[in-house]
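The chain contents come next:
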Amino acid sequence: MPFITTSDSSTGPVEIFYKDWGTGTPVVFSHGWPLNADAWDRQMMAVADAGFRAVAHDRRGHGRSTQTGDGNDMDHYADDLAALLDQLDLTDVVLVGHSTGGGEVAHYLARHGSARVRKAVLVGAVPPLMVQTPENPDGTPIAVFDGIREGVRTDRSQYYRELAVPFFGANREGANVSQGAIEQFWRLSMQAGLKPAYDCIAQFSEVDYTDDLRAIDVPVFVAHGDDDQIVPIKAAAARSAEILADATLKVYPGAPHGIVGAYEDEFTKDLVAFVQA
């Protein structure tokens, strides 16, 4: 399997797994928590079939990458993404980030610049800030994230099974979410190490990406479902589109957090069109 190796003084060598399909302009995908690159398979196929190069990696601690005990923070995630682009020598890149991956994309662009990147996609993404604060009253109360921590620490297997339901909106009337999609969410989630998954909760919930968004100097397609029960749109995409210098916001009516069903079909078409434009 293909890996790149990153290294720093706090963690030592870390192997980052990646998938690389097709040729042409590279589209690089960053996945949500606590999944891995396999969550992007349908979008990767669509991008490759459209004549582009699709690359997706497993975040450190997740999937097939090294299960790190330390360094499970957004600085390291962004640096790992930079190492992937550098070591594969990717240029003219379209970065795509879902959920936590959206934070990774935003932080990468602010921390490493856009020399290798021509545009970006944030879909169901956590920026600018998920947690509720006096300055962010539309955010989610910290007690919710403490509950996630408790669920992951005590019985992550059962917690992931339960999380898959609101993730895909399977608790909504008329929802048509397959058992296979639920089980796939659980399968990918269980491949993340306990400590990396636990540490990552603070990164998607309590890190403020406002300054990162302000620093982005490439066009950004901001996509979000208006029935997202995990990353509510009002504190996320709606605010991101206001902060970004060059943003196009698309709201998918009735769509959940997980990219599934009719939402997936429509978003995938929009993604390919955005890459082609």
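An account of the accompanying structure is given in this report. (Residues numbered from 1 in each chain as written. Predicted model: local features only at pLDDT ≥ 70, side-chain atom pairs only at ≥ 80, totals over all residues. Heavy atoms only, no water.)

So, the packing of helix α1 (residues 41–49) against helix α9 (residues 261–276)
Inclusion rule: Interaxial angle, 0 to 180 degrees, is taken between N-to-C directions of lines fitted to C-alpha atoms, where a helix line uses only the stretch in contact. Secondary structure is summarised from DSSP: a helix means a run of H or I of at least four residues, a strand means a run of E of at least two, and numbering begins at the N terminus for each. For this classification, under 35 degrees means roughly parallel, over 145 means roughly antiparallel, 65 to 115 means roughly perpendicular, and everything else is oblique. A crossing counts as left-handed when the near helix is turned anticlockwise from the far one by less than a right angle, and as right-handed when that turn is clockwise. In this analysis, two residues are considered to be in contact whenever any of their non-hydrogen atoms come within 4.5 Å of each other. In this classification, Asp, Glu, Lys and Arg are treated as charged, Ala, Val, Leu, Ile, Met, Phe, Trp, Tyr, Cys and Pro as nonpolar, and every other residue, Gly included, as polar.
The contact between α1 and α9 brings their axes to 10 Å, and the two run at 40°. Compared by their axis directions, α1 and α9 come out oblique. In terms of crossing hand, the pair formed by α1 and α9 is right-handed. Between α1, through R42, Q43, A46 and V47, and α9, the contact on the second element is made entirely by E264, D265, F267, T268, L271 and V272. Here the contact of α1 with α9 is composed, by residue class, of five nonpolar, two polar and three charged.

Some points on unusual backbone geometry
This is how it is decided: With a 1.4 Å probe rolled over the protein chains alone, any residue whose accessible area is under 20% of its type maximum counts as buried; one over 50% counts as exposed, and the rest are partly exposed.
Here the amide bond leading from W33 into P34 is cis, since omega sits at -10°, within 30 degrees of zero. Of note, P34 is situated in the loop between β3 (26–30) and α1. A cis amide bond links P127 to the next residue, P128, at an omega of 5°. Here D89, not a glycine, exhibits a phi torsion of approximately 50°, which is positive. Here D89 is to be found in the loop between α2 (74–87) and β5 (93–98). In this structure, S99 takes a positive phi of about 55° despite not being glycine. Along the chain, the position of S99 falls in the loop between β5 and α3 (100–112). With a relative accessible area of 6%, S99 lands in the buried category.

Overview of the nonpolar core
Stated precisely, the cut-off is as follows: Buried residues of nine kinds, namely Ala, Val, Leu, Ile, Met, Phe, Trp, Tyr and Cys, make up a nonpolar core once their side-chain atoms join them within 4.5 Å.
Counting 33 residues, the largest nonpolar core has V28, L84, L85, L95, Y108, L109 and I216 as its most contacted members. For this core, the secondary structure elements donating two or more residues are β2 (12–21), α2, β5, α3, β6 (117–123), β7 (220–225) and α8 (237–243). Of the residues forming this core, the biggest block, six residues, is contributed by α2. Excluding its chain neighbours within four sequence positions, the residues that come into contact with L95 are V28, L81, L85, V105, Y108, L109, V117, K119, A120 and V121. Residues W33, I148, F185 and C200 belong to the second largest nonpolar core, which totals 30 residues.

A closer look at the layout of surface pockets
For the record, the criterion: Cavities and pockets were defined on a 1 Å grid built over protein atoms only: a cavity is a set of grid points that admits a 1.4 Å probe from which the probe cannot escape, a pocket is an open set flanked by protein on both sides within 12 Å along at least five of seven lines, and lining residues are those with an atom within 4 Å of any such point. Grid points are joined across faces, edges and corners, and a volume is the space filled by probe spheres set on the points.
One number sums up the size of the largest pocket: a volume of about 340 Å³. What lines the largest pocket is a set of 20 residues, and nearest its centre among them are A39, W40, F168, I259 and E264. By volume, the second largest pocket amounts to about 240 Å³. Considering the residues around the second largest pocket, the lining is formed by 17 residues, among which M130, I148, L163, F204 and I230 are closest to the centre. A per-class count over the lining of the second largest pocket returns twelve nonpolar, five polar and no charged.

Some points on the side chain of T100
Tracing the chain through its elements places T100 in helix α3. Aside from chain neighbours lying at most four places away, what touches T100 is H31, G32, W33, R59, M74, V126, C200 and F204.

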